[in-house]
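# Structural features, examined
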Amino acid sequence: MKIKVDYLVCEANAVCMGLAPEVFEVDDEDQLHVLLPEPPPEMVDRVRHAVRSCPKAALSLEE
């Protein structure tokens, strides 16, 4: 699985960071960074939840 971000849509609301802080980070300049673009299997459920919870639907998963 690989995480994709549409940076033109992302508003850096940090919902994803709140749900999976090991994977997503929003910096002081409101830029989203994916710390683990290919998360390990034990994080898959949390990452899927974070992607589904994005208020702008800026995140997606490539299986």
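A brief structural summary.

Conventions adopted
- Residues numbered from 1 in each chain as written.
- Predicted model: local features only at pLDDT ≥ 70, side-chain atom pairs only at ≥ 80, totals over all residues.
- Heavy atoms only, no water.
- Helix = DSSP H or I, 4+ residues; strand = E, 2+ residues; numbered from the N terminus.
- Buried < 20%, exposed > 50% of the residue type's maximum accessible area, 1.4 Å probe, protein only.
- Pairing = 2+ DSSP bridges.

## With respect to unusual backbone geometry
The backbone phi angle of alanine 14 is positive, close to 70°, even though this residue is not glycine. Inspection of the secondary structure puts alanine 14 in the loop between strand 1 (2–5) and helix 1 (15–19). The partly exposed category is assigned to alanine 14, whose relative accessible area is 25%. If you check the backbone angles, aspartate 30 has positive phi at about 60° while not being a glycine. With respect to the secondary-structure elements, aspartate 30 resides in the loop between strand 2 (24–26) and strand 3 (32–34). According to the relative accessible area criterion, aspartate 30 is exposed, its value standing at 53%.

## Observations concerning the pairing of strand 1
Here strand 1 shows a buried face lined by Ile3 and Val5 and an unburied face lined by Lys2 and Lys4. Where strand 1 lies against strand 4 (residues 59–62), 4 bridges are found, and the strand directions are antiparallel. Each residue of the ladder has a partner; that of lysine 2, found in strand 4, is glutamate 62.

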